[in-house]
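The lines below spell out each chain.
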Amino acid sequence: MSHDIRTPMNAIIGMTELAAAHIDDKERVADCLKKISLSSGHLMSLINNVLDMSKIERSRLILNRMRISLPSLVEQIAEIMEPQARSRGLEFEVQLSGIVHKEFYGDTLRLNQILINLLGNACKFTPEGGRVSFCAKECGPAQREGWIHYRFTVSDTGVGIKEEFLKHMFEPFSRSRNDSCVEGSGLGLSITKGLADLMGGEIRVRSREHQGSTFQVDLEFEPAGDEETGMEEGKDGEALSESGKLAGLRFLIAEDNAINAEILCELLHMQGAESVVRTDGVKALEEFKRSTPGTYDAVLMDIQMPEMNGYDTARAICGLVREDAGGIPIIAMTANAFAEDVQAALKAGMTAHVAKPIDVNVMVAALLKAIRGNT
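Colleague: Please explain the packing of aromatic side chains as it appears in this structure.
Modeller: Applying the stated rule across the entire model yields four aromatic pairs. Considering the side-chain rings of Tyr150 and Phe221, the 6.2 Å spacing of their centres and the 45° angle between planes classify their relative orientation as tilted. Of this pair, Tyr150 sits in strand S5 (residues 148-156) while Phe221 sits in strand S7 (residues 213-223), placing them 71 residues apart in sequence. Neither residue differs from the other here; Tyr150 and Phe221 are each classed as buried. Counting every residue linked through ring pairs, the aromatic cluster contains Phe104, Tyr150, Phe152 and Phe221. The ring of Trp147 carries the charged tip of Arg144 above its face, separated from the ring centre by 4.3 Å. In this structure, Arg322 packs its charged tip against the face of Phe288, placed 4.3 Å from the ring centre.

Here's what the structure looks like:
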């Protein structure tokens, strides 16, 4: 694990030093920044895996209950994985089979995590010219009365798995000799199995070395009724990193970390928005009290701050006796990124939650949705 974390960190530190040393060479600096960004994303993925594995092992990971459209979920996963497969020279197939119940209740994030982990591995371990296939099928009756039984199958024509490794493949940090040239923490399959177990499901694998692998995940879900589904919101984030999406808007930022505040202000400025920063909850509350109603379109709230934390600040703003206090969108922007942190933010009166490190597409989509929903 130390090696896996230090590898992208070495790239980030080294490329930062190279960029500083060649600050006048625009192309060299741009190349360094691109590699820093890629390494940062990989490091973030490793950290998320470690944290997820820790919560799974301690039985502290909480599943959300949200309405899911299976066709939309499969379509969105295909949109994520198809470019990755194509870039590796692979054929990518997606199939829906026997789907009678299209909507159900489950945790979109964790179900995506299971399927994308398996599809990502299939793409990584399949040589150019190979094939990766993904099938979602509704099976026979579920064990729980009235529930739906789905089977998700991921198959590839890749390098396969040695027979002696099959019995260890779901153990944390275990990696086959076949993975030695592939980056990763050895936690992906452990997390996948842990999530499947948490959902009351089962995961099976068939594989032979040099003949490919097939992973099969059986899960049961509570069916949803006929009311409108909310699965389409992910499409709001398309191309939102283009400038000007927040033109004319003004935000109050509560953030005690100067670097984080600078990053957030610049991201908002690039989108055409104005912002005012206050360095703790008390100062943010006082600024909101002093401002004329309608001055701010939303409040962007850090959680861990001195004097008054984000939850208490949000409650205090919502409780003010003024026309915009009860309705102004308050968006949590915090490194507290687990499901229970999202619920705590909503319980405190906040409108939405955006996890740090901030993804500009996710941030802009959340802000637009919150502000439009308030008009």
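So that's the structure; there's more coming.
Colleague: Would you explain the pairing of strand S9 (residues 274-278) in this entry?
Modeller: Moving residue by residue along a regular strand, the side chains alternate between the two faces of the sheet. Alignment of strand S8 (residues 250-254) against S9, held across five bridges, turns out to be parallel. Paired with Ile253 across the two strands is Val277, which belongs to S9. Crossover S8 to S9 through helix H7 (residues 258-270) is right-handed.

Colleague: In this structure, what is going on with the confidence of the model for the protein? I would like to understand it.
Modeller: Do not read the predicted coordinates in detail wherever pLDDT is low. In the predicted model, the protein carries a mean pLDDT of 86, and 89% of its residues have values of at least 70. Mean pLDDT in the protein bottoms out at helix H5 (residues 163-166), which sits at 81, and peaks at S8, which reaches 97. Here residues 227-241 is a poorly scored stretch, pLDDT under 50, and it has 31 contacts once near neighbours within four places are set aside; other chains count.

Colleague: What is the right way to look at the side chain of His149 in this model?
Modeller: Relative to the helices and strands, His149 is located in strand S5. Of note is the side chain of His149, whose polar atom sits 2.6 Å from the side chain of Asp218. For His149, the contacting residues outside a window of four places in its chain are Lys137, Glu138, Cys139, Gly140, Pro141, Ala142, Asp218, Leu219 and Glu220.

Colleague: Even after reading the chapter, I still don't get the side chain of Thr153, so can you show me in this structure?
Modeller: Here Thr153 lies in strand S5. The exposure class of Thr153 is buried, given its relative accessible area of 17%. If we skip the residues at most four places from it in the chain, Thr153 touches Ser133, Phe134, Cys135, Thr214, Phe215 and Gln216.

Colleague: Explain the pattern of salt bridges here, please?
Modeller: Oppositely charged side chains can form a pair if their charged atoms are brought close together. Counted by the stated rule, this structure contains 16 salt bridges. For Glu286, the salt bridge is made with Lys289, and the minimal N-O distance between the two is 3.6 Å. Of this pair, Glu286 and Lys289 both sit in helix H8 (residues 281-290), three residues apart, roughly one helical turn. The closest approach of N and O atoms between Asp312 and Arg315, which form a salt bridge, is 3.1 Å. On the criterion of helical spacing, the pair formed by Asp312 and Arg315 is a turn pair, its members being three residues apart in helix H9 (residues 310-318). The class of Asp312 is partly exposed, set by a relative accessible area of 37%.

Colleague: In this structure, what is going on with the nonpolar core? I would like to understand it.
Modeller: Grouped burial of nonpolar side chains is what soluble globular proteins tend to show. Residues Leu111 and Phe152 are the most contacted members of the largest nonpolar core, which totals 44 residues. When contributions to this core are tallied by element, the ones reaching two or more residues are helix H2 (26-57), helix H3 (70-87), helix H4 (108-124), strand S4 (131-138), S5, helix H6 (188-198) and S7. Look past the residues within four positions of Leu111 in its chain and what remains in contact with it is Leu73, Phe104, Phe152, Met199, Leu219 and Phe221.

Colleague: I keep staring at unusual backbone geometry and nothing clicks. Help me out?
Modeller: Cis peptide bonds are those with omega within 30 degrees of zero, and the linkage from Lys356 to Pro357 qualifies with 0°. Looking at where Pro357 falls in the secondary structure, it is placed in the loop between strand S12 (352-355) and helix H11 (360-373). Phi angles above zero are rare outside glycine, and Glu307 is one such case at about 70°. Along the chain, Glu307 falls in the loop between strand S10 (298-301) and H9. In this structure Glu307 comes out as exposed when scored by relative accessible area, which is 68%.

Colleague: Any chance you could explain the pairing of S7 here in plain terms?
Modeller: Across the 11 residues that make up S7, a large majority, nine, are buried. Inspection of the sheet shows strand S3 (residues 103-106) paired to S7 by two bridges, in the antiparallel sense. Paired with Tyr105 across the strands is Glu222, a residue of S7. Alignment of S5 against S7, held across nine bridges, turns out to be antiparallel. Note that in S7 the partner of His149 across the bridge is Glu220. In this sheet, S7 lies alongside strand S6 (residues 202-207) in antiparallel orientation, the contact comprising six bridges.

Colleague: How do you make sense of H4 when you look at a structure like this?
Modeller: Across its 17 residues, H4 extends 24 Å between first and last C-alpha, which sits within 8% of the 24 Å expected from 1.5 Å per residue. With 13 of 17 residues buried, H4 is to be regarded as a mostly interior element. A distance of 3.1 Å separates the backbone nitrogen of Leu109 from a side-chain oxygen at the start of H4, and that oxygen is part of Asp107.

Calculation rules
Residues numbered from 1 in each chain as written. Predicted model: local features only at pLDDT ≥ 70, side-chain atom pairs only at ≥ 80, totals over all residues. Heavy atoms only, no water. Phe/Tyr/Trp six-rings, centres within 6.5 Å; stacked < 30°, edge-to-face > 60°. Helix = DSSP H or I, 4+ residues; strand = E, 2+ residues; numbered from the N terminus. Buried < 20%, exposed > 50% of the residue type's maximum accessible area, 1.4 Å probe, protein only. Lys NZ or Arg CZ within 6 Å of the ring centre and 35° of its normal. Pairing = 2+ DSSP bridges. Right-handed = clockwise from strand over helix to strand, strands pointing away. pLDDT = per-residue confidence, 0-100. Contact = heavy atoms within 4.5 Å. Polar contact = N/O pair within 3.5 Å; in protein donor to acceptor, adjacent residues only side chain to side chain. Salt bridge = Lys/Arg side-chain N within 4 Å of Asp/Glu carboxyl O. Core = buried A, V, L, I, M, F, W, Y, C linked by side-chain atoms within 4.5 Å. Expected span 1.5 Å × (residues − 1).

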